Structures are given as structure tokens and as C-alpha cells.
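# Structure assessment
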Amino acid sequence: MKTETVAMILAGGQGSRLGKLTKQIAKPAVPFGGNYRIIDFALSNCANSGIDNVGVVTQYQPLILNNHVGNGASWGLNRHNGEATILQPYSSMEGEKFFKGTAHAVYQNIDFIDRKDPEYVVILSGDHIYKMDYQKMLDYHKEQEATLTVGVMPVPWEDASRFGVMNTDKTDRIIEFQEKPENPKSNLASMGIYIFDWPVLKKYLVDNQAKNRQLTDFGHHVIPAYLRNNEAIYAYSFEGYWKDVGTIESLWSANMEFLDPKHELDIRDRSWRVYSNNPNTTPQFLTERAKATDSMITDGCYIAGEVEHSILSHSVKLGENSLVKDSFVMPNAVIGKNVKIEKAIIGEGAHIHDGTEIIGTDDNIEVVGYDEEVGGYSDEN
Amino acid sequence: MRTKIAPILNLVENSEKLMPLTKRRPLASLPFGCRYRLIDFPFSSLSSIEASSAALFIGGSGHSLYDHIRSGATWGLESSVGGGVFTHSHINLKAELEDNDGYIGNYYEDHYHYVSRSNAEYVILMGSSMLSNIRLDSLLQFHEKKKSDVTVIYKKIKRSEVREDSIYSSLIMSKNDDDCVEGSRPVTEISDQDADLLINMEMMIMSKDKFLTYLFEAKNQHVDITTDNLIKFSREADDEIYGFEYTGYLKVIEDIRSYYQANMDMLNEDNFNALFYRANPVLTKPKNSAPTYYGKQSEINNAQFANDCEIYGSVKNSMIFRKVSIAEGANVEDSIIMQDCCIEEDVHLKHVILDKHVYVKKGARLEGTAEEPIVVSKDSIIHAEGDIEEGE
């Protein structure tokens, strides 16, 4: 069956800068915004862009991620002519196939992509919070007759040295790529979003493998190889909200930004919905002692305390006389009575016992891990 | 392994006293508890016995119901091996239009085909007017232990808990205190408001063969397949009927007042936990949604909300469904606000039920009473002066 486009979401990374939040689960599976996991944004972008065939490449601690994605039904990807497929390392006659890098992960899944026989492959990362129409980028790719189009974002010049930056000519053709340069010549940062002509990319990957030169990484190996061979590489500028939630501080601040009803991401926009694998839970119950201001609360919550400028994910319990302020609480956390939580991220299923205080600061957000217990001299124990 | 049960849901239920909420929907698809419909409760009960199919008999078109149920996958009713939701709609219309014999023929045939073609050992009859959460696995155990021919579910309630002219019945138990049922009688025959009723919850289980025997009898007598008729047939056949007592939360949804009360009951934690957390998890059609946002000035006091709302005003003792917006300065009290309603600034609502997609203009005031809440039908506009422009 002929398919125009296949998307490959690279969701195998650990995200080690998220500390204990990615100890047991992969970064794309980290909860976000009350009702989502990070990968929902890339998956929903695929669904909303009309890309029905999506390979989700997983590797590091994949259980929760695989379970979340399933067959893609939550994103409407379980169609007769489309599917979401979990792709994991496997062993074969040629040995084990653990993924060594972004391009290597695609190389190992050539069979999957070939089975769909696409003209284009969209490479995405499962780590970012943004809404983007990949179809528009594909139209641009075709218009420019590019063999590779790289999604880029202008970043402040002082931040440019933290990114891979693309130096372009007047026609937006990429003429140079610098990975985290000391003296950047451009402020167009790569978003890790690529559209390749599949036959061309496949040839590069296979030929180099045959010569025992592995193209392991798109940034370090594939783009330089394309540049050396004078391939038509173009930059596609994205304007809009885009956030890499790679650290505790950025995960926290992205959630705090998400709270703003006027946030650019506009989560309530019906024309570009962010889908997720929604749990079946009861409505949110706010008792007569509850107080909720400038906050997001999700179904399944039971709130007897006070919530101020915070996000409470689904099925969180908050006891009497407790305060949650400037914090992000992940699903199924249980917070007892007389607890005070400020500037913190509370992990999924964590248990904060009565009378505990968890107070962070802007530079040092407190983190409670998944299923972690804090305090513990509760009356009920 | 799946228990082999063929559930039949009789959704041709009387809902006139719930007008205008039931103008365009059967009782079974009446929204309840911020994010559910009444059908979710019997369907969730079916999940406890892992039923893989169900037959539905619906009076009207059932459009809203089918939209909700879709493939039945939410409740595990979509198995490609012997599963599925078998729907039979327009029962009322067929009864009116077709010559009586033709209609009667189809009605019984449909029951016969569903049950005889399924590989079930047992048949369960259910409806949607008895809001409850029943462990059907416990019922099945009881039924098998008693070696009963028929088991009926009942709950002990006061006569005053149902309407004076209620259409439901009360079981007559044997004096030997052995759970044996000797018959049923309409509750209207019982006038003492303090009397205990053993209300027939219109749910019963029997073997496939017994069901087919009763079905044949119903066809001969040209009567509907109801629990009361089946109790009668089994008595006539000298079969053994047992009563299985349900002790969880029950509300008989038979009019606006009981519907309103059932919703308000959920704001009491004991009732809420009894209905949602003591038996089966209650499953409903999954919807994609954002969390609900509570504004800087919002004031909440004992209320429930579904996802996707934007709340800037004050909400007290109320049930708020999905995608409702309540503007600053608005005050909603003792009310039920269904999906997609928009409430502007400085609105005052008390003892009001807004059906889906009602728009309340700035400054409007509506106040009913707990006994007689004001019901505003779907798609209406409430103007500032309080006059209501009814939806189509």
C-alpha cells in the first residue's frame, strides 16, 4: 500500500536532566499539563496534520510509554489505512539492534518504513511541547524541491550557542550547520524536526553502513553528509510556542505557563485538539472547604484543601487545610491534611503525609518522585 | 474466562415525567453526574461479569444513545468473537404502524434470535431507570448457590421514596425468610408512606432455557417482556424465584424531582462513594478534554465539575458538566448545568436544571425550588430579563 508520509517519533531518550522523574519512565511519557503526557503533543500534531502512519521508536524504560500509545486509538490513528506502531530494539542474525542515535534508530527500522513505501519521512522528537502543522512544512519541502527540510526556530542570540544552529542563504537554503557553536553565525535553532525524501535518506543510511561508516545521528552525521554532497537542504521557520521540557525547571515553568488562560498554546482550541489516552474517572469533587484559584484541576480529583496557581492532574487527593501553590501535581498523588506545597513537582502516585512541608524556590524546584512517600507520621498510620 | 451471560436491556422506558429533558432522548441517555449517562451504570455492571455482548430495545430512534455507545468498546462489548451491541430501535413506532401481529412477531423474534444464537448460559434483563451500581458477579453467585430458576434484585426503601403514582412494583417475599419471592404488586396498591417497599429493581437473571420458555409464554399472551410479567409466568410454572437484596445506593429516576435529587445526592460524599467506589468502576465514553480552569476570583463550595470548564464565578452545591463556562460575578447554586452551557457575568441561578447548550445572558436571574427546579430545555437562550427563548 502506498503512503505519502510516514512519521517517526523518536521517543527512546532517557531525558536524564529530569532526574528522578525519568528514572522509571521515558521522558516522552512524563505527565504534563494535568491531562497529558509529553508525547501527546507530537502525536496530536501528526493526527491533526493528517499523518496517519506513525512509528514510535521507544527504547529506554518503555513500559508506560508503550502502554500509553497502544495502537494509537486515542489519537484516531487506528485506521484501516493508518496506524501507530511501537518500534523497539530487537535482535536479529546481524546481532542486537539497540539504537545508538537518532539516525541509527531510523536505520534499524528501515523495514518498517519500507513496508509503508512512503515518499517522505517526517522525523520528530517526542520531547517537545508545541502545536505544529507538519503538512505546511511538507508543502514547503515540495515547493523548494528539497531532499531535506529542517524545522528551525529563531532563538535569542545569547541562547544560540546552546542549540544546533542553521546558517542559511537568502533563499533559506542551509549552507552550514554548527552544533552548539561558541560563536554562532545564525540564531536559527534546529527543533529536531526533519522531513526527508525517503529514497534519498535510505540510500545514505544503507550506503554508509555498507562502507562501515555509520550515520548515527542526524545532527552530527547525516546533515554534514548531506551538506558535503550539496543536497538541497532548506530551513522551515516555525513561529509559535515551542518548549523543550528537558530539565526540572523548564518542565515546571512550562506547566506554569500552560496555566495561563491566554497561553499561546490555546489548549481549548477545538480546531487543533491535543488528544491523550484519557482515564475513566469520576468528576472533580471540590468540598465545602475547598478553594481553587488560577488553577487547573482534572477529573478524578478530590479537593478539600486550597489550590492556588497550580495544576492538579487527574485523580489527585488533597486533604483539609492543605495548600498547593505554584506547583504541578502529577496523576494519582495523595496529599494529606495540613500539608504545604510550594514551587514543586509532585510525582505520579506520590504520597505526601499529613503536616509535611515541601517548599521550593524559582531556582530550585522541589521534586517528589513517582510513588515516593514524604512525611509519614499521619494519624491514619 | 468470560461468564456466559446474554444481557437484554429494555430501554423502552416511561420518561414522560422527565420532560423536557427526555424530549429528544430516551431515559437511558439522560446525562447524570457531570460526565455520565444513565446507561453507563447498567453497562458498567456488565463489565463485572465480562459480558461480551448486549441486546438493546429502544422506543425511539436512539440516536443520542448510539452516539454514546458507539461500538460498546468502552464496556468491553466489542469483542470480535461472539460480541457486539445488538440494537433494536423504534419499538414504539413499529407497535403503532405495523399491524399488531407483525409487530408482535418481530418483538419476540428479536429477543429469540439474540438469546438463541448467543452461547450464553444465562439471560439478564435490565433497564436504566434504577440508578445503582450492581455487582452482577455476586448476583450470579447467589443465583447458582440457591439453584434458583429466577433471581430478582430488590432494595428495601420507604414508600415515600417513589412517586405516589409510581409505575414500579414491590416484591412479595415468602414468610419463611428464605429469600423466596411469591410475587410482586404495583406500589400504587400501598398507600402508607412509611411502609417498607422491596422495590423490584427490574433486573433479573435466569437460565437461557427458562428465558425462552417465558418468552414463548409472553408471545402467546401478547404481553411485553417485563420483570413483573416474567415473575408471573414463573409463579404459574411453579418455578423458584429468589430475591437478591441490593444494599448500595439506589435512586429510582421517574421524574424531574428524583432526577434532580439523584444529582444532588452525589454532593454527599457517602452517596458519591457508594455509587462510584463501592462496586464496579463506572465507565463512560472517553472524551478528549483539557483540565478545568478556575479563575482568580472563582469561589467554589461543595460542587462537582467535569473537565473542560472555565469557571470564573461562584458555584455552590451544584453539578457542572463538561465545557461549561461561568463568568465572573455569576452565581450558580443548587443547580445542574449540562454540557456546553455558557453563563455570562452577574447571572444568578438557583434550583435550576440547564439542559445542554443553554446560553444565559448577562444579569439574568432564575430561581426554582428544591421540590420544583426550573428546567430549561436544550439550546435555549435565557435573556437578561429572565424570559426564555426555547431551543428548536
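Quick caveat, the model's predicted, so the values are computed rather than measured. Along each chain, residues carry numbers from 1 onward, in the same order as the chain's sequence is written. Chains carry letters from A onward and ligands carry numbers from 1 onward, assigned in written order. This being a predicted model, a pLDDT of at least 70 is required before a residue's local features are given, and a value of 80 or more before pairs of side-chain atoms are given or counted; all residues contribute to the totals for chains, interfaces and linings. Side-chain numbers come from the whole structure's heavy atoms, not from hydrogens or water.

Residues and elements named next belong to chain A. The 5 strands lie next to each other as 17-20-23-26-29, forming an open sheet whose pairing is parallel. Strands at the two margins of the open sheet, each flanked by one partner only, are strand 17 (291–293) and strand 29 (357–359). Across the sheet, the mean angle from the axis of one strand to that of its neighbour is 5°, orientation sign disregarded. For two strands to count as paired, DSSP must find a minimum of two bridges between them. By the criteria applied, helices consist of DSSP H or I runs no shorter than four residues and strands consist of E runs no shorter than two, each listed in order from the N terminus. Note that strand 17 and strand 20 (residues 306–308) share 3 bridges and pair parallel. Counted as the bridge partner of Thr293 is Glu308 from strand 20. Angular values range over 0 to 180 degrees, each being the angle between N-to-C directions of two axes fitted as lines to C-alpha atoms, with helices fitted over their stretch in contact.

Here a Phe, Tyr or Trp ring, Trp counted by its six-membered ring, pairs with any other such ring whose centre lies within 6.5 Å, and the pair is stacked when the planes are under 30 degrees apart, edge-to-face when over 60, and tilted otherwise. Tallied over the full model, the rule gives 27 aromatic pairs over all chains. Ring geometry for Tyr36 of chain A against Phe258 of chain A: centres 6.1 Å apart, planes inclined by 80°, an arrangement best described as edge-to-face. Residue Tyr36 of chain A is found in strand 3 (residues 36–37), and its partner Phe258 of chain A is found in helix 8 (residues 248–259); the two are separated by 222 residues along the sequence. Judged by its relative accessible area of 5%, Tyr36 of chain A is buried. Consider the rings of Phe57 of chain B and Tyr107 of chain B, whose centres lie 6.2 Å apart with planes at 75°: the pair is edge-to-face. Placement of the pair is Phe57 of chain B in strand 4 (residues 53–58) and Tyr107 of chain B in helix 4 (residues 100–117), with a sequence separation of 50 residues. Just as Phe57 of chain B is buried, Tyr107 of chain B falls in that class too. Ring pairs connect the aromatic residues Phe285 and Tyr302 of chain A together with Phe32, Tyr36, Phe41, Phe272, Phe276 and Tyr277 of chain B, which therefore count as one cluster. Should the NZ of a Lys or the CZ of an Arg lie within 6 Å of a ring centre and within 35 degrees of the ring normal, that charge is described as sitting over the ring. The aromatic ring of Tyr36 of chain B is capped on one face by Arg35 of chain B, whose charged end is 5.5 Å from the ring centroid. Think of it in three bands: residues with accessible area under 20% of the maximum for their type are buried, residues over 50% are exposed, and the middle band is partly exposed, with areas taken using a 1.4 Å probe on protein chains only.

Before going further, it helps to examine the interface of chain A and chain B. Taken together, the contact between chain A and chain B spans 35 residues of the former and 38 residues of the latter. Throughout, the accessible surface (probe 1.4 Å) given up by two parts as they are put together, summed over both, is called the buried area. Here chain A meets chain B over a buried area of about 3,000 Å², counting both sides, of which 45% is carbon and sulfur. Summed over the three residues of chain A that lose the most area to chain B, namely Arg268, Asn280 and Phe285 of chain A, the buried surface amounts to 23% of that side. In the sections that follow, a salt bridge refers to a side-chain nitrogen of Lys or Arg positioned within 4 Å of a carboxyl oxygen of Asp or Glu. The interface formed by chain A and chain B includes 4 salt bridges. With a shortest N-O distance of 3.9 Å, Lys296 of chain B and Asp294 of chain A are connected by a salt bridge. Any N or O atom pair separated by 3.5 Å or less is treated as a polar contact, with the protein-specific requirement of one donor-capable and one acceptor-capable atom, and with residues adjacent in sequence counted only for side-chain atom pairs. In this structure, the connection of chain A to chain B is made through 26 residue pairs in polar contact (both at pLDDT 80 or more). Contributing elements (two or more residues each) for the side of chain A that touches chain B: strand 16 (284–286), strand 17 and strand 18 (295–297) of chain A. In this classification, the charged set is Asp, Glu, Lys and Arg, the nonpolar set is Ala, Val, Leu, Ile, Met, Phe, Trp, Tyr, Cys and Pro, and all remaining amino acids, among them Gly, are polar. Tallied by class, residues from the side of chain A that touches chain B come to 15 nonpolar, 14 polar and 6 charged. Contacts were defined at the residue level, with two residues in contact if any of their heavy atoms lie within 4.5 Å.

Our focus in this paragraph is the sheet that holds strand 24 (residues 359–360) of chain B. An order of 30(A)-27(A)-24(A)-21(A)-18(A)-14(B)-16(B)-18(B)-21(B)-24(B)-27(B)-28(B) is seen for the 12 strands of this open sheet, with the pairing classed as mixed. Looking along the sheet, the strands with just one partner apiece sit at the ends: strand 30 (366–368) of chain A together with strand 28 (388–389) of chain B. Both strand 18 of chain A and strand 14 (residues 292–294) of chain B contribute to a ladder of 3 bridges, which runs antiparallel. If you follow Met296 of chain A over to strand 14 of chain B, its bridge partner there is Tyr293 of chain B. Along the sheet face, helix 8 of chain A touches strand 18, strand 21 (311–312), strand 24 (328–329), strand 27 (344–346) and strand 30 of chain A together with strand 14 of chain B and points at about 90° away from the line of strand 27 of chain A.

This part is about the UniProt feature "binding site: alpha-D-glucose 1-phosphate" (unreviewed entry) in chain A. Residues and elements named next belong to chain A. The UniProt record marks Gly164, Glu179, Lys180 and Ser190 with the feature "binding site: alpha-D-glucose 1-phosphate" (unreviewed entry), using the residue numbering of this structure. Taking the farthest pair of C-alpha atoms as the criterion, the annotated set spanning 27 residues converges on one region, since that pair is 10.6 Å apart. With near-sequence residues (within four places) excluded, Gly164 lies in contact with Phe177, Gln178, Glu179, Lys180, Leu188, Ala189 and Ser190. Contacts of Ser190, omitting those with residues within four sequence positions, involve Val150, Gly151, Val152, Gly164 and Met166. UniProt positions are given in the numbering used here, feature names are shortened, and annotations may be inferred rather than shown by experiment.

What follows deals with the pattern of salt bridges. Any two side chains of opposite charge can pair, given that their charged atoms come close. Taken as a whole, this structure holds 31 salt bridges over all chains when the rule is applied. Note that Arg268 of chain A is salt-bridged to Asp308 of chain B, the shortest N-O span being 3.8 Å. With Arg268 of chain A in the loop between helix 8 and strand 16 and Asp308 of chain B in the loop between strand 15 (299–305) and strand 16 (310–311), this residue pair bridges two chains. Residue Arg268 of chain A is classed as buried on the basis of its relative accessible area, which comes to 19%.

What follows concerns the domain arrangement of chain A. Residues and elements named next belong to chain A. Delimitation of the domains relies on an automatic or database domain assignment. On domain assignment, one finds that chain A holds domain 1 (3–259) and domain 2 (285–374). Here the C-alpha centroids of domain 1 and domain 2 sit 33 Å apart. Contacts between the two partners involve 19 residues from domain 1 and, on the opposite side, 28 residues from domain 2. Interface of domain 1 and domain 2: buried area, both sides summed, is about 1,900 Å²; carbon and sulfur atoms make up 69% of it. Considering only the side of domain 1, the residues that lose the most area to domain 2 are Lys20, Trp252 and Leu259, jointly responsible for 34% of the buried surface there. Across the pair Lys20 and Glu372 runs a salt bridge, and its minimum N-O distance is 3.3 Å. In this structure, the connection of domain 1 to domain 2 is made through 7 residue pairs in polar contact (both at pLDDT 80 or more). Looking at the side of domain 1 that touches domain 2, the elements with two or more residues in it are strand 2 (31–32) and helix 8. If you tally residues by element for the side of domain 1 that touches domain 2, the top one is helix 8, at 8 residues.

This paragraph deals with the pairing of strand 14 (residues 233–237) of chain A. Residues and elements named next belong to chain A. When you tally the buried positions in strand 14, you get 4 out of 5 residues, the bulk of the element. As defined by bridge partners, strand 10 (residues 148–154) adjoins strand 14 across 5 bridges and the pair is classed as parallel. Opposite Thr149, over in strand 14, you have Tyr234 as the bridge partner.

Moving on, we get to the domain arrangement of chain B. Residues and elements named next belong to chain B. Domain boundaries assigned for chain B yield domain 1 (5–276) and domain 2 (293–389). Averaged C-alpha coordinates put domain 1 and domain 2 at centres separated by 33 Å. Three residues stand out in domain 1 for area buried against domain 2, namely Cys34, Tyr260 and Leu267, and they jointly supply 40% of the buried area on that side. Our count for the domain 1 to domain 2 interface comes out at 1 salt bridge. Elements with a minimum of two residues in the side of domain 1 that touches domain 2: strand 2 (31–32), strand 3 (36–37) and helix 8 (256–265). Considering every element that reaches the side of domain 1 that touches domain 2, the biggest residue donor is helix 8, with 6 residues.

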